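Fold and contact review
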Amino acid sequence: MTPPPTVAPAAPTPPAAPAPAAPAPARPVAGGLLVLAGMLLVALNLRAAITSLGALLDEVRGGLALSGAMAGFVTTLPALAFAVFGALTPRLVRRHSPARVLVVAMLILAAGQLVRVGTNSALVFIAGSALALAGIAVANVLLPLLVKQYFPHRVGLVTGAYSMALTVGSTVAAAAAVPVAHLFGSWRAGLAVWAGLALVAVLPWVPLALRARAARRAATAAAVAPRPARIRPGRTRLGWAMAVYFGTQSLGAYAIMGWLAQLFRDAGYRPQDAGLLLAGVTALGVPIALLMPTLAGRLRTLHPLVLTLSAAMVLAYVGLAVAPHDGALLWMVLLAIGQSAFPMVLATIGLRARSAEGTVALSAFSQSVGYLIAALGPLLVGILYGTTGGWTAPIGFLLAALAVQTGAGMVIARPRYVEDEA
């Protein structure tokens, strides 16, 4: 009988290599919290320089001897600056990290606000305002990108959070500008104080910018990934519909920010009360700004929201034309509801793009073209107000713009993606 073959003893199984440790959650969470804090601080600055000027426009006009046409241009300047400088933001992001771009943007915002209160020249005032608004324009475009990059599964919630911060900043600036100016005896103080808020917003982005710079160097030393194909929203129906909706919504918003306090003054309210009524519009919008993006993200179609918000604006405009003094509180509430179209469209930018590249492209196109449209608002309202001496014609113009806004809103309400049309 043949003996069985000798079987060599099996080599001892080497101990399994320890699985690579999962990254500790502390670091990403801490980084995410720092980004969120930075976004909220930036958002607080995005309208303060504008609404504070709206509340003090009469004093600025007197102090700098601005003509009616020049005052109208000053109220139009935000939209023009946002259109021009917002369009440049994608190029900046391709060369530098968003954190680094935001550091420079907030420093420019602070510098511009200080320049405009340190001069007696109307032209220098306008130049300083344009400089400040350039910083805001860049941040406007970057925030939807940061939401998509850092919080892709919480687009509605985070967009709502920074929309609420934006509304809070706008409200506080509108309400506090006149009291601060009276406290220090000059409209310059009522505008200058917001430069400090911009400097505070720089702080979270400095470590993030340094971290991003180190990561970029490491990536360059390794392998250079091919650049994704550039997305061009201007060649899509969705891109143009987003731009028109964003633009006509902003047209009404900037006309209100620039002229609502003046309308209430003309209706018999004291300057302080007119400023508080303007602040009330944005104050009431705070909880709506938090909820609206989340609601937009959960609905299958945005048609009901678009129609509801437009109806609120129609009622508010008609009320302002017919009974601006007696119904002021009701019109203030309706304006707050109708202007929540802004946080809704910000959330829609992220919801209508599949990627970070698509988000920044759609954000830049919607805002740059949109703000060109919006620039007509304060300018034409100022011209119509100066020509007619009343508010019927300006409000009729705003109602016509609202009709265009509603039509564009019906297009963007249906779920679709810009990458599929580009």
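Okay, so let's go over this structure.

What counts and what doesn't
- Residues numbered from 1 in each chain as written.
- Predicted model: local features only at pLDDT ≥ 70, side-chain atom pairs only at ≥ 80, totals over all residues.
- Heavy atoms only, no water.
- Helix = DSSP H or I, 4+ residues; strand = E, 2+ residues; numbered from the N terminus.
- Buried < 20%, exposed > 50% of the residue type's maximum accessible area, 1.4 Å probe, protein only.
- Contact = heavy atoms within 4.5 Å.
- Areas by Shrake-Rupley, 256 points an atom, 1.4 Å probe, with all protein chains shown as cover.
- Core = buried A, V, L, I, M, F, W, Y, C linked by side-chain atoms within 4.5 Å.
- Axes fitted to C-alpha atoms, helices over the stretch in contact; angles between N-to-C directions.
- Parallel < 35°, antiparallel > 145°, perpendicular 65-115°, else oblique.
- Nonpolar A, V, L, I, M, F, W, Y, C, P; charged D, E, K, R; others polar.
- Left-handed = near helix turned anticlockwise from the far one by under 90°.
- Patch = residues over 30% accessible without salt bridge, like charges linked within 9 Å, V, L, I, M, F, W, Y side chains within 5 Å.
- Salt bridge = Lys/Arg side-chain N within 4 Å of Asp/Glu carboxyl O.

What to know about the overall build of the protein
If you tally the helices and strands in the protein, you get 19 helices and zero strands. Put simply, the protein has 422 residues, and 53% of those count as buried. Of the contacts made within the protein by residues no fewer than 6 positions apart, 84% connect residues no fewer than 24 positions apart. For the protein, the exposed surface amounts to about 18500 Å²; the carbon and sulfur share of it is 70%.

What to know about the nonpolar core
In this structure, M39, V42, V60, W205, L335 and Y371 are the most contacted members of the largest nonpolar core, which totals 127 residues. Contact partners of Y371, with chain neighbours within four places excluded, come to R47, A79, L80, F82, A83, N140, F246, S250, Y254, F342 and S366.

Focus on the packing of helix α7 (residues 155-184) against helix α12 (residues 271-298)
Viewed as axis vectors pointing N to C, α7 and α12 meet at an angle of 170 degrees, and their least axial separation amounts to 7 Å. The angle between α7 and α12 places the two elements in the roughly antiparallel class. For the contact of α7 with α12, the per-class residue count stands at 15 nonpolar, 13 polar and no charged.

Structural notes on the environment of Y371
In this structure, Y371 sits in helix α16 (residues 356-374). The class for Y371 is buried, based on a relative accessible area of 1%. For the pair Y371 and F246, spaced 125 residues apart in sequence, the C-alpha separation works out to 7.7 Å.

Details of the side chain of T89
Assignment of secondary structure puts T89 in helix α4 (residues 68-95). Discounting chain neighbours no more than four positions away, the residues touching T89 are A137, V138, V141 and L142.

Considering the packing of helix α6 (residues 122-150) against α16
With their axes 9 Å apart at the nearest point, α6 and α16 run at an angle of 155 degrees to one another. As summarised for this structure, α6 and α16 are arranged roughly antiparallel, according to the angle between their axes. Handedness of the α6/α16 crossing: right-handed. Judged by residue contacts, N140, V141, P144, L145, K148 and Q149 of α6 engage A356, T359, V360, S363, A364, Q367 and Y371 from α16. Residue classes in the contact of α6 with α16 are distributed as seven nonpolar, five polar and one charged.

Observations regarding a nonpolar patch on the surface
Where nonpolar side chains cluster on the molecular surface, the patch consists of V84, F85 and L88 and spans about 240 Å² of accessible area. Topologically, V84 is positioned in helix α4.

Brief notes about unusual backbone geometry
Backbone geometry places A65, a non-glycine residue, at a positive phi of 55 degrees. Tracing the sequence through the fold places A65 in the loop between α3 (57-64) and α4. A relative accessible area of 66% places A65 in the exposed class.

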